[in-house]
Amino acid sequence: MSSSEKIKRKFVKALVSLMECEPLDRITVTEIVEACEVTRPTFYRYFKDKYDLVNWYFDILAQKSFRQMGISLSLREGLITKFQLMMEEKVFFSSAFSSSAQNCLIDYDYECIYQFYKDVIHKKGDACLTPEIDFLLRMYCHGSIHMTAEWTKNKMILTPEEMTDRLIDALPPKLCELLKDL
(Lines give C-alpha, C1' and ligand atoms only; values in the text may rest on other atoms or scores of the structure.)
Protein backbone atom coordinates (compact mmCIF):
# COMPACT_ATOMS: atom_id res chain seq x y z
CA MET A 1 0.00 0.00 0.00
CA SER A 2 1.36 3.42 -0.98
CA SER A 3 1.95 6.16 1.59
CA SER A 4 -0.92 8.23 0.17
CA GLU A 5 -3.23 5.20 0.47
CA LYS A 6 -2.11 4.73 4.09
CA ILE A 7 -2.82 8.33 5.06
CA LYS A 8 -6.22 8.24 3.32
CA ARG A 9 -7.14 5.11 5.24
CA LYS A 10 -5.92 6.76 8.43
CA PHE A 11 -8.35 9.61 7.75
CA VAL A 12 -11.17 7.08 7.25
CA LYS A 13 -10.33 5.28 10.48
CA ALA A 14 -10.40 8.59 12.38
CA LEU A 15 -13.65 9.61 10.71
CA VAL A 16 -15.37 6.32 11.55
CA SER A 17 -14.19 6.60 15.13
CA LEU A 18 -15.68 10.09 15.33
CA MET A 19 -18.90 8.86 13.68
CA GLU A 20 -19.44 6.54 16.64
CA CYS A 21 -20.05 9.61 18.82
CA GLU A 22 -21.51 12.24 16.52
CA PRO A 23 -23.23 12.62 13.14
CA LEU A 24 -21.12 13.19 10.05
CA ASP A 25 -22.48 16.69 9.54
CA ARG A 26 -21.18 17.77 12.95
CA ILE A 27 -17.69 16.31 12.51
CA THR A 28 -15.07 18.85 11.44
CA VAL A 29 -11.94 18.43 9.38
CA THR A 30 -10.07 19.77 12.40
CA GLU A 31 -11.32 16.83 14.49
CA ILE A 32 -10.29 14.38 11.79
CA VAL A 33 -6.76 15.76 11.42
CA GLU A 34 -6.30 16.02 15.19
CA ALA A 35 -7.27 12.36 15.54
CA CYS A 36 -4.71 11.50 12.85
CA GLU A 37 -2.09 13.86 14.26
CA VAL A 38 -1.53 15.53 10.89
CA THR A 39 -2.09 19.05 9.60
CA ARG A 40 -5.11 20.43 7.76
CA PRO A 41 -3.03 21.02 4.61
CA THR A 42 -2.23 17.30 4.61
CA PHE A 43 -5.93 16.51 4.62
CA TYR A 44 -6.63 19.00 1.83
CA ARG A 45 -3.83 17.55 -0.26
CA TYR A 46 -6.03 14.47 -0.67
CA PHE A 47 -9.62 15.63 -0.17
CA LYS A 48 -11.81 18.70 -0.85
CA ASP A 49 -13.78 18.16 2.34
CA LYS A 50 -15.00 15.43 4.68
CA TYR A 51 -17.68 14.40 2.18
CA ASP A 52 -15.02 13.83 -0.45
CA LEU A 53 -13.31 11.51 2.07
CA VAL A 54 -16.60 9.66 2.60
CA ASN A 55 -17.10 9.30 -1.16
CA TRP A 56 -13.51 8.10 -1.65
CA TYR A 57 -14.03 5.37 0.93
CA PHE A 58 -17.35 4.45 -0.65
CA ASP A 59 -15.49 4.01 -3.97
CA ILE A 60 -13.06 1.59 -2.30
CA LEU A 61 -15.96 -0.51 -1.06
CA ALA A 62 -17.82 -0.22 -4.38
CA GLN A 63 -14.79 -1.64 -6.22
CA LYS A 64 -15.16 -4.80 -4.13
CA SER A 65 -18.88 -5.16 -4.73
CA PHE A 66 -21.11 -3.11 -6.99
CA ARG A 67 -18.54 -2.40 -9.69
CA GLN A 68 -17.79 -6.12 -10.02
CA MET A 69 -21.25 -6.74 -11.45
CA GLY A 70 -20.98 -8.07 -14.95
CA ILE A 71 -17.26 -8.80 -14.41
CA SER A 72 -16.92 -11.37 -11.65
CA LEU A 73 -20.32 -11.01 -9.98
CA SER A 74 -23.92 -11.15 -11.11
CA LEU A 75 -26.31 -8.30 -10.28
CA ARG A 76 -27.58 -10.24 -7.25
CA GLU A 77 -24.10 -11.23 -6.05
CA GLY A 78 -22.81 -7.67 -6.43
CA LEU A 79 -25.68 -6.20 -4.46
CA ILE A 80 -25.42 -8.84 -1.72
CA THR A 81 -21.70 -8.14 -1.43
CA LYS A 82 -22.38 -4.40 -1.28
CA PHE A 83 -24.91 -4.84 1.54
CA GLN A 84 -22.61 -7.23 3.42
CA LEU A 85 -19.81 -4.66 3.27
CA MET A 86 -22.24 -1.99 4.42
CA MET A 87 -23.19 -4.15 7.41
CA GLU A 88 -19.52 -4.59 8.26
CA GLU A 89 -19.12 -0.80 8.06
CA LYS A 90 -22.44 -0.05 9.78
CA VAL A 91 -21.23 3.02 11.71
CA PHE A 92 -19.76 4.59 8.58
CA PHE A 93 -22.79 3.99 6.35
CA SER A 94 -25.52 4.85 8.83
CA SER A 95 -23.81 8.17 9.52
CA ALA A 96 -22.83 8.88 5.91
CA PHE A 97 -26.32 8.14 4.56
CA SER A 98 -27.87 10.37 7.23
CA SER A 99 -26.28 13.44 5.69
CA SER A 100 -28.01 15.46 3.02
CA ALA A 101 -25.29 18.08 2.71
CA GLN A 102 -23.81 19.11 -0.62
CA ASN A 103 -21.53 16.34 -1.96
CA CYS A 104 -23.21 13.82 0.40
CA LEU A 105 -23.05 10.06 -0.08
CA ILE A 106 -26.68 9.76 -1.20
CA ASP A 107 -25.99 12.06 -4.15
CA TYR A 108 -22.62 10.48 -4.87
CA ASP A 109 -23.99 6.92 -4.72
CA TYR A 110 -26.81 7.95 -7.05
CA GLU A 111 -24.36 9.32 -9.61
CA CYS A 112 -22.20 6.18 -9.37
CA ILE A 113 -25.05 3.71 -9.71
CA TYR A 114 -26.79 5.69 -12.44
CA GLN A 115 -23.60 5.95 -14.49
CA PHE A 116 -22.80 2.26 -13.94
CA TYR A 117 -26.21 1.07 -15.17
CA LYS A 118 -26.18 3.62 -17.99
CA ASP A 119 -22.82 2.25 -19.17
CA VAL A 120 -24.16 -1.31 -19.05
CA ILE A 121 -27.13 -0.30 -21.17
CA HIS A 122 -24.91 1.62 -23.63
CA LYS A 123 -22.85 -1.53 -24.19
CA LYS A 124 -26.02 -3.19 -25.47
CA GLY A 125 -26.32 -0.48 -28.12
CA ASP A 126 -26.99 3.23 -28.21
CA ALA A 127 -30.59 2.66 -29.25
CA CYS A 128 -31.34 0.98 -25.88
CA LEU A 129 -31.04 4.12 -23.77
CA THR A 130 -34.20 5.84 -24.93
CA PRO A 131 -35.64 8.79 -22.97
CA GLU A 132 -38.19 6.37 -21.47
CA ILE A 133 -35.48 3.94 -20.32
CA ASP A 134 -33.39 6.82 -18.98
CA PHE A 135 -36.40 8.04 -16.98
CA LEU A 136 -36.98 4.55 -15.55
CA LEU A 137 -33.29 4.23 -14.76
CA ARG A 138 -33.10 7.57 -12.97
CA MET A 139 -36.29 6.82 -11.03
CA TYR A 140 -35.04 3.36 -10.04
CA CYS A 141 -31.61 4.65 -9.01
CA HIS A 142 -33.14 7.40 -6.85
CA GLY A 143 -35.49 4.91 -5.24
CA SER A 144 -32.87 2.24 -4.63
CA ILE A 145 -30.43 4.73 -3.09
CA HIS A 146 -33.08 6.16 -0.77
CA MET A 147 -34.21 2.66 0.26
CA THR A 148 -30.56 1.76 0.91
CA ALA A 149 -30.14 4.88 3.03
CA GLU A 150 -33.33 4.06 4.92
CA TRP A 151 -32.06 0.50 5.48
CA THR A 152 -28.80 1.78 6.96
CA LYS A 153 -30.54 4.30 9.20
CA ASN A 154 -33.06 1.72 10.43
CA LYS A 155 -30.49 -0.67 11.87
CA MET A 156 -30.21 -2.86 8.74
CA ILE A 157 -33.00 -5.19 9.86
CA LEU A 158 -33.28 -6.97 6.50
CA THR A 159 -30.47 -9.33 5.59
CA PRO A 160 -28.28 -8.40 2.61
CA GLU A 161 -30.06 -11.13 0.63
CA GLU A 162 -33.51 -9.81 1.53
CA MET A 163 -32.52 -6.24 0.70
CA THR A 164 -31.04 -7.37 -2.62
CA ASP A 165 -34.11 -9.38 -3.57
CA ARG A 166 -36.39 -6.43 -2.83
CA LEU A 167 -34.30 -4.07 -4.95
CA ILE A 168 -34.21 -6.55 -7.82
CA ASP A 169 -37.98 -7.13 -7.53
CA ALA A 170 -38.47 -3.35 -7.75
CA LEU A 171 -36.69 -3.11 -11.11
CA PRO A 172 -39.12 -1.95 -13.78
CA PRO A 173 -39.63 -4.80 -16.31
CA LYS A 174 -38.02 -2.84 -19.17
CA LEU A 175 -34.89 -2.23 -17.06
CA CYS A 176 -34.87 -5.78 -15.79
CA GLU A 177 -34.71 -6.99 -19.38
CA LEU A 178 -31.71 -4.75 -20.13
CA LEU A 179 -29.83 -5.67 -16.93
CA LYS A 180 -30.62 -9.40 -16.82
CA ASP A 181 -27.15 -10.37 -18.11
CA LEU A 182 -25.39 -8.87 -15.09
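Read on for an overview of the structure. Owing to the predicted nature of the structure, the values given are computational and were not obtained by experimental measurement.

Basis of the calculations
- Residues numbered from 1 in each chain as written.
- Predicted model: local features only at pLDDT ≥ 70, side-chain atom pairs only at ≥ 80, totals over all residues.
- Heavy atoms only, no water.
- Helix = DSSP H or I, 4+ residues; strand = E, 2+ residues; numbered from the N terminus.
- Rg over C-alpha atoms; globule rule 2.2 N^0.38 Å.
- Buried < 20%, exposed > 50% of the residue type's maximum accessible area, 1.4 Å probe, protein only.
- Contact = heavy atoms within 4.5 Å.
- Phe/Tyr/Trp six-rings, centres within 6.5 Å; stacked < 30°, edge-to-face > 60°.
- Core = buried A, V, L, I, M, F, W, Y, C linked by side-chain atoms within 4.5 Å.
- Salt bridge = Lys/Arg side-chain N within 4 Å of Asp/Glu carboxyl O.
- Disulfide = S-S within 2.5 Å.
- Expected span 1.5 Å × (residues − 1).
- Polar contact = N/O pair within 3.5 Å; in protein donor to acceptor, adjacent residues only side chain to side chain.

Moving on, we come to the overall build of the protein. Along its length, the protein carries ten helices and zero strands. Listing each helix as α and each strand as β along the protein from the N terminus yields α-α-α-α-α-α-α-α-α-α. On C-alpha atoms alone, the protein measures out to a radius of gyration of 17 Å, which is about the 16 Å that the 2.2 N^0.38 rule sets for 182 residues. In the protein, buried positions account for 47% of the 182 residues. For the protein, contacts bridging at least 24 residues in sequence account for 68% of all contacts bridging at least 6.

To continue, consider the packing of aromatic side chains. According to the stated counting rule, one finds 14 aromatic pairs in the structure shown. Plain terms: the ring middles of phenylalanine 47 and tryptophan 56 are 5.9 Å apart, the flat faces sit at 65° to each other, and that makes the pair edge-to-face. Comparing phenylalanine 47 with tryptophan 56, the two get one shared label, buried. Connected via pairs of aromatic rings, a cluster forms that spans Tyr57, Phe58, Phe92, Phe93, Phe97 and Tyr108.

With that out of the way, let us pick up the nonpolar core. Generally speaking, a soluble globular protein has its nonpolar side chains buried in company with each other. Grouped together as the largest cluster of nonpolar side chains are 64 residues, with contacts concentrated most on Phe11, Ile32, Leu53 and Tyr117. In terms of residue count, helix α7 (residues 105-123) provides more of this core than any other element does, ten residues in total. Not counting residues within four places of it along the chain, the set of residues in contact with phenylalanine 11 comprises Ile32, Val33, Cys36, Val38, Thr42, Phe43, Tyr46, Phe47 and Leu53.

Further remarks concern the pattern of salt bridges. Under the criterion given, the structure shown has six salt bridges. Residues arginine 76 and aspartate 165 are paired through a salt bridge, measuring 2.8 Å at the closest nitrogen-oxygen approach. Residue arginine 76 is found in helix α5 (residues 75-88), and its partner aspartate 165 is found in helix α9 (residues 160-169); the two are separated by 89 residues along the sequence. Look at aspartate 165 and you get partly exposed, because its relative accessible area is 30%. Lysine 180 is paired through a salt bridge with glutamate 177; the nearest N and O atoms lie 2.6 Å apart.

Where two cysteines share a covalent bond between their sulfur atoms, that bond is called a disulfide. Using the criterion set out here, one finds zero disulfides in the structure. Sulfur of cysteine 128: no disulfide; nearest cysteine sulfur belongs to cysteine 176 and is 15 Å away. Cysteine cysteine 141 remains unbridged, with the sulfur of cysteine 112 as its closest cysteine sulfur at 11 Å.

Take helix α1 (residues 3-19) next. Its 17 residues place the ends of α1 24 Å apart at the C-alpha level, agreeing with the 24 Å of an ideal helix rising 1.5 Å per residue. Regarding α1, the residues found buried are Ile7, Lys8, Phe11, Val12, Ala14, Leu15, Val16, Leu18 and Met19. Packed against the buried residues of α1 are α2 (29-36), α3 (40-46), α4 (50-64) and α6 (90-96).

Relative to the helices and strands, glutamate 31 is located in helix α2. Between the C-alpha atoms of glutamate 31 and alanine 14, which are 17 residues apart in sequence, the distance is 8.6 Å. Beyond its immediate stretch of four places on either side in the chain, glutamate 31 contacts Leu18, Glu22 and Arg26. A polar side-chain atom of glutamate 31 sits 2.8 Å from the main-chain amide nitrogen of threonine 28.

Taking 1.5 Å per residue as the helical rise, α7 with its 19 residues ought to reach 27 Å, and the 27 Å between its terminal C-alpha atoms agrees with that figure. By the burial criterion, the buried members of α7 are Leu105, Ile106, Asp109, Tyr110, Cys112, Ile113, Tyr114, Phe116, Tyr117, Val120 and Ile121. Tucked into the core, α7 has its buried residues touching α4, α5, α6, α8 (131-153) and α10 (173-179). Of the residues flanking the end of α7, it is glycine 125, one or two places downstream, whose phi is positive at about 130°.

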